[in-house]
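Coordinates in review
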Amino acid sequence: MEGLLDHDLREVLTRVPGIDRCVSEFIRVTDQVLPARVFLRICPELGRGGRTRSGVPVRPQLLGSDPACLADNAAVLATLQPPGIDLNFGCPAKVVNRHGGGAMLLDDPEGLTRIVAAVRRAVPPEIPVSAKMRLGTDDDRRAVECAQALADGGAAEIVVHARTRAQGYRPPAHWARIADLRAAVAVPLVANGEIWSVEDAQAARAASGCHALMIGRGLVADPSLALRLAQGSDALLDEATLGDMLHHYWAQISQRVEPRHRAGRVKQWLNFLRRRYPRAEQAYQALRAHNDSRHFGLALAQWFPLTGGHEAAVAPR
């Protein structure tokens, strides 16, 4: 979700009820202590008590491999009073993995314990430290060992993406494998991966035994998914509400994203939305070659008419 699901899209998606908590995109930690302004830039919700404007808490996520450096950065982050700090041991991206970060750390369970324990010691006890992992790198033989390592380090909660690094995002997600991890650790586990619908969510819960789910791409494709899970409803958002969300998002990114990247951001979201919304498919096909940010808002309004409060999005700076 890097490059799409940032604080602008979090702000829009959390306007729909049903989301209990968000995690920020990862904040890369290498060999230096980042200033507070970096954490605030990536997770500006920290300036509002760690919550979106709709009141949904956001845990900033750190990614790195050096326990001491991660701990030092977590200590700075803790001064901003986040509702929690998350650690990334699940990213499958080659650019991250070749530097020993993300899912590659699952080859070293003892290292996982050292990282989590160092961060846990560095932050006040009232700030929970959670972690996200995959089932392994090339296979899942050490999945239970990795979950135990994270729990031993002091992780208060573990999100498990039910695929290995090598499997990437290819279906299926192996939710049943998470049940083996649940049997081996006492801390809460959260199931993640390939949850696109209410039916997927129900199947993931049944197979994993987890009480909670983390939804990424599925929520971007269907902004009503969390609400429908909470209410047991099959009704998608109506097109007018979806249009309001798209125009609100366009207004948000028009304030801070470089003009040459603005249209691309909306088209990225439309690319996901077209899985569930025929109107989004039509808009995506019509706008995919449209890159002029000066007129993109008007072009978008041809497919999702503007309602009150979004006129400023038509002619961004």
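Here the structure is a predicted model, which means the values were calculated and not measured.

**Concerning the pairing of strand E6 (residues 189–192)**
- Along E6, one buried face is formed by Leu189 and Ala191 and the opposite face, lined by Val190 and Asn192, is buried too.
- Taken together, strand E5 (residues 157–161), helix H7 (residues 175–184) and E6 form a β-α-β motif whose crossover is right-handed.
- With three bridges joining them, E6 and strand E7 (residues 212–214) adopt parallel strand pairing. The residue of E7 that forms the bridge with Val190 is Ala212.
- Crossover handedness for the path E6 to helix H8 (residues 198–208) to E7: right-handed.

**Quick notes on the environment of Arg41**
- Looking at the secondary structure, you find Arg41 in helix H2 (residues 36–42).
- Look at Arg41 and you get exposed, because its relative accessible area is 55%.
- Linking Arg41 and Ile85, residues 44 residues apart in sequence, is a C-alpha distance of 16 Å.

**So, helix H13 (residues 278–287)**
- When we look at burial in H13, the residues that qualify are Ala280, Ala283, Tyr284 and Leu287. The arc that holds every buried residue of H13, seen down its axis, measures 100 degrees, which confines them to one face.

**Thoughts on unusual backbone geometry**
- The amide bond that connects Pro171 to the next residue, Pro172, takes the cis arrangement and shows omega of 0 degrees.
- For Pro172, the position within the fold is in the loop between E5 and H7.
- Although it is not a glycine, Gln81 adopts a positive phi angle of roughly 55 degrees.
- Relative to the elements of secondary structure, Gln81 occurs in the loop between helix H3 (67–78) and strand E3 (85–89).

**Structural notes on the packing of aromatic side chains**
- Scanning the model with the defined rule gives two aromatic pairs in all.
- Between Tyr249 and Trp269 the ring centres are 5.3 Å apart and the planes differ by 85 degrees, which places this aromatic pair in the edge-to-face class. Of the two residues, Tyr249 sits in helix H11 (residues 239–254) while Trp269 sits in helix H12 (residues 259–273), which places them 20 residues apart along the sequence. For the pair shown, Tyr249 and Trp269 are each scored as buried.
- Ring plane angle 45 degrees and centroid distance 5.1 Å describe the contact between Trp250 and Phe296, whose orientation is recorded as tilted. Of this pair, Trp250 sits in helix H11 while Phe296 sits in helix H14 (residues 296–301), and the two are 46 residues apart along the sequence.
- Above the ring of Tyr169, the side-chain terminus of Arg134 is found at 5.0 Å from the ring centroid.
- One cation-aromatic arrangement involves Arg275 over Trp196; the distance from NZ or CZ to the ring centre is 3.5 Å.

**Describing the environment of Trp175**
- Among the secondary structure elements, Trp175 is positioned in helix H7.
- In this structure Trp175 comes out as buried when scored by relative accessible area, which is 14%.
- Placed 37 residues apart in sequence, Trp175 and Asp138 show a C-alpha to C-alpha distance of 17 Å.
- Once you skip the residues sitting within four places of it in the chain, Trp175 turns out to touch Ala162, Asn192, Gly193, Glu194, Ile195, Asp200, Ala203, Ala204, Ala207 and Ser208.

**Comments concerning the confidence of the model for the protein chain**
- In this model, the protein chain carries an average pLDDT of 93, and 95% of its residues clear a pLDDT of 70 or more.
- Throughout residues 310–317 the model reports pLDDT below 50, and contacts reaching past four residues in sequence, or to other chains, amount to 20 contacts.

**Section: H12**
- Helix length check: H12 (15 residues) gives 22 Å between terminal C-alpha atoms against 21 Å at 1.5 Å per residue, within 8%.
- Listing the buried residues of H12 in full gives Arg262, Ala263, Arg265, Val266, Lys267, Trp269, Leu270, Phe272 and Leu273.
- In the core, the buried residues of H12 are packed alongside helix H1 (7–13), helix H9 (217–221), H11, H13 and H14.

About the thresholds
Residues numbered from 1 in each chain as written. Predicted model: local features only at pLDDT ≥ 70, side-chain atom pairs only at ≥ 80, totals over all residues. Heavy atoms only, no water. Buried < 20%, exposed > 50% of the residue type's maximum accessible area, 1.4 Å probe, protein only. Helix = DSSP H or I, 4+ residues; strand = E, 2+ residues; numbered from the N terminus. Right-handed = clockwise from strand over helix to strand, strands pointing away. Pairing = 2+ DSSP bridges. Arc of directions from axis to C-beta. Phe/Tyr/Trp six-rings, centres within 6.5 Å; stacked < 30°, edge-to-face > 60°. Lys NZ or Arg CZ within 6 Å of the ring centre and 35° of its normal. Contact = heavy atoms within 4.5 Å. pLDDT = per-residue confidence, 0-100. Expected span 1.5 Å × (residues − 1).

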